[in-house]
Each structure stands twice: as structure tokens, then as C-alpha cells.
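Observations on chain architecture
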Amino acid sequence: MKFFHTADWHLGKLVQGVYMTDGQRYVLRQFIEAIREEKPDAVIIAGDLYDRAVPPTEAVTLLDEVLREIVVDLKTPVIAVAGNHDSPSRLDFGSRLMRQNGYYIEGRLRRTNDPVVLKDEYGDVHFHLVPFADPSVCRQVFEDDTITDFNNAMERVISNIKFDENARHVFVGHAFVTPHGEEEENTSDSERPLAIGGAEYVSAHLFKPFHYTALGHLHQAHHVGDETIRYSGSPMKYSISEENHKKGFFIVEMDEEGNVAVEKRLLNPQYDMRTVEGLMEEIVAEQPSNDYVFVKLHDETPVLFPMEKVKSIFPNAMHIERKIVRTAATMEHTSVLGDEKPDDLTLFRYFYAQMNDIEPDAETEKIFAEVLYEVKGGMDR
């Protein structure tokens, strides 16, 4: 059996006040063309179809267009679960009715849930759909007060699954899975934490009963411990922290015994998201581009109307900042500020070093002292 594994579409995503809808449509057209060419038996979307519980109209329209083409026109089943950004009730609405047409979506966690069963020449493949649900929801669903964190919540959910020994099994879920349930950094700062204080992590050992585990939530494609436990990552970049990610989806082929071969297929963005840095005169001399750029200026002196100048070359520029390197001088002034009531000159030296990464010279300090004298003299009169 062949299926595609994707996740974290985040339709309706805003980055620095810019809607990503056109870029999302651009990469999803490539995804649909891959379905047309490869003819998979199913498509998995492992959560976060939308970026928010109440998505904008354009995002709903785009999802409707994509699902209609995949399910109705290409006759390819779609198997999906709600993620932490989705509204469980909205995605769950009409789900039983849509199953008849090949769209299998689980929005809400249920105590018992029959798997989606697809067949190939070797027999049945059971897809177990587990939507995102925090421990408080699991406690209520299973009436079990011992569920206190995401790991034992997932353990409880999996223990309730009935495994057919004659079938192959695929888990579809949305969680923060690490090799042993230990704390790890998120792969993107565009993904919000699931919990505070280390309670969000789930051990990869829980997924050993499955032949393949299709996960969503983390935006960088990777496997967790075992190569059969995978995050597909998001289909496009949603933060400059994802600048070096290679975005795409997985093509998974499963044999008679449940062994899988996984191929990464890349998606080409309409516009890249990248960092540009240098002096302003260097930046405005670059080749014009529509990429979403985050600019780091190296100029030591203030630049008037920097964004206007940057946008003359990069019209989709999203952010601009001064690049300040912390030096020994800066750190020295920081330690001085730890003393009680630093004098005005010390404060000025610290501020100047922070902004310019060099010590103020004697002439600059003299000008500051003269201005300070005039200001204080005016306050005394």
C-alpha cells in the first residue's frame, strides 16, 4: 500500500501580518499533482489543517477546493485528525456523512473509535485516528483521574485500541513525541507549546505496536527514534526559524509484512523565506526578489526610512532589525549596571555600547556631559 503523509498545513496562517494563503495554494497544487502522478491509496493529514479555531473564509475555501479535488476528482481517500490549532467541533461536523465519500476526519477524541480500514492485495491496513486532546479532555473521556500529562494520556488512548493480528496498523496523531518522552526544543517558534513545564512530551516507545506512525505538530520533517515514527513537517515555511527546513511530504510504501519504505518529496515555495544581512548600501544593491526576507542591518549609524529602502528591492520584506553583537565591553557595562544607582555617564556608556558595539570616545562623552549639564541646569531654574 502506498500513502502520502503530510501535516501542519495551517491554512489561514498570518506571518508578520501577511496571509500565506496564496503561497499555500501554490504548494498544495504541487501536492495534488503528485497525487495525480503517484496515485497513492490514501493521503494522511496529521493535524493542524487550519491555523486557528475560527479560520478566515479564504482558508475554508482553499481546504474545500483541495479536498474536493483529491477525494472527489482523484478518488483518493483522505485520512485526517484535528491538531491543537484546529477546532475539534468544526472539523468533526458532518464527519460520519463524509466518510461515505472517502474523507475520514476525526475532530474529537472518543473513548472507542473504529479504525479506517483500507485494503490492498495483501489484506487490510487499519488507520487509527487520534486527534489532539489535552490531558483534561482525556480524563473526561476515559473517566480516569490518573491521566495527568500528555504521555499517560496517549498511553491510555493506545491501550484502548484493539489490534487485529491479521492487519497492518498505522497511527495518525498530533503530539510532541520525543525518543523517551524527554524535553526537547520545538523545531519552530511558529508552533505554540502544548503545555507548560515539560508536561507536553510523549514517549516514542508507546508507538511500537504500529507499523507506521504519522505525526503532526513539529514543523521540521524527521523521525523519532525508530524510522517508522515520523513527522512530515509543514508544507511551507511559517517562521524565519524554519529558514533551513526542507519542506515537503513523505511517500510511504508498505509491504505485505508491514515494512515501510519512505521517500521525502520536496515542495517548491512560491516565495522563499530567508535572512538577508549587511550594510544598507549592500542590501539595496542586491538582485530584486519577492522572497519573504528578514533583514539584519550592519550599519553602525542610524538609517532613515530603512523599510522603504529595503522594500524597493524586496517588496515582501517582513522584518528589519539592527544586528548588534554582544562584546566584552557590552558585558562589562551590563555588570556595572548591577551596582546600586549607576551615575548618568555610566548609563550613557552602557546605552552607547549596546547600540553601537563600541565605547563612546572622549569627544562623544564631552558632548553628552554638556547636554546633560544644560538639561539639569534647566531643571534647576
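Structure: above.
Residues numbered from 1 in each chain as written. Predicted model: local features only at pLDDT ≥ 70, side-chain atom pairs only at ≥ 80, totals over all residues. Heavy atoms only, no water.

It is worth spelling out the packing of aromatic side chains at this point. Here the structure, examined in full by the defined rule, presents 13 aromatic pairs. Measuring from ring centre to ring centre gives 5.6 Å for F3 and Y212, while their planes differ by 65 degrees; the resulting arrangement is edge-to-face. Of the two residues, F3 is situated in strand β1 (residues 2-6) and Y212 in strand β12 (residues 212-216); the sequence distance between them amounts to 209 residues. This pair shows no difference in class: F3 is buried, exactly as Y212 is. (Phe/Tyr/Trp six-rings, centres within 6.5 Å; stacked < 30°, edge-to-face > 60°. Helix = DSSP H or I, 4+ residues; strand = E, 2+ residues; numbered from the N terminus. Buried < 20%, exposed > 50% of the residue type's maximum accessible area, 1.4 Å probe, protein only.)

Below, the discussion takes up the pattern of salt bridges. This model, assessed by the stated rule, comprises 22 salt bridges. A salt bridge links E33 to R36; the shortest N-O distance between them is 3.3 Å. Linking E33 with R36, this pair stays in helix α1 (residues 21-38), spanning three residues, or about one helical turn. A relative accessible area of 35% means that R36 is categorised as partly exposed. Linking R68 and D64 is a salt bridge whose minimum nitrogen-to-oxygen distance equals 3.1 Å. Pair noted here: R68 and D64 are both in helix α2 (residues 57-73), with a separation of four residues, about one helical turn. A relative accessible area of 46% places D64 in the partly exposed class. One salt-bridge network, held together by shared partners, links D92, R96, R99, E106 and R110. (Salt bridge = Lys/Arg side-chain N within 4 Å of Asp/Glu carboxyl O.)

Our next topic: the side chain of T213. Structurally, T213 is set in strand β12. With a relative accessible area of 0%, T213 lands in the buried category. Not counting residues up to four positions away in its chain, the partners in contact with T213 are F171, F207, T228, I229 and R230. (Contact = heavy atoms within 4.5 Å.)

Bringing the sheet that holds strand β8 (residues 123-130) into the picture now. Across the sheet, six strands lie side by side as β7-β8-β9-β12-β14-β13; this open sheet has mixed pairing. On the outer flanks of this sheet lie β7 (116-120) and β13 (222-224), each paired with one strand and no other. Along the sheet, successive strands turn relative to each other by an average axial angle of 30 degrees, direction set aside. Direction of pairing for β8 relative to strand β9 (residues 168-174): parallel, over a ladder of six bridges. Bridge pairing in β9 links V130 to G173. (Pairing = 2+ DSSP bridges. Axes fitted to C-alpha atoms, helices over the stretch in contact; angles between N-to-C directions.)

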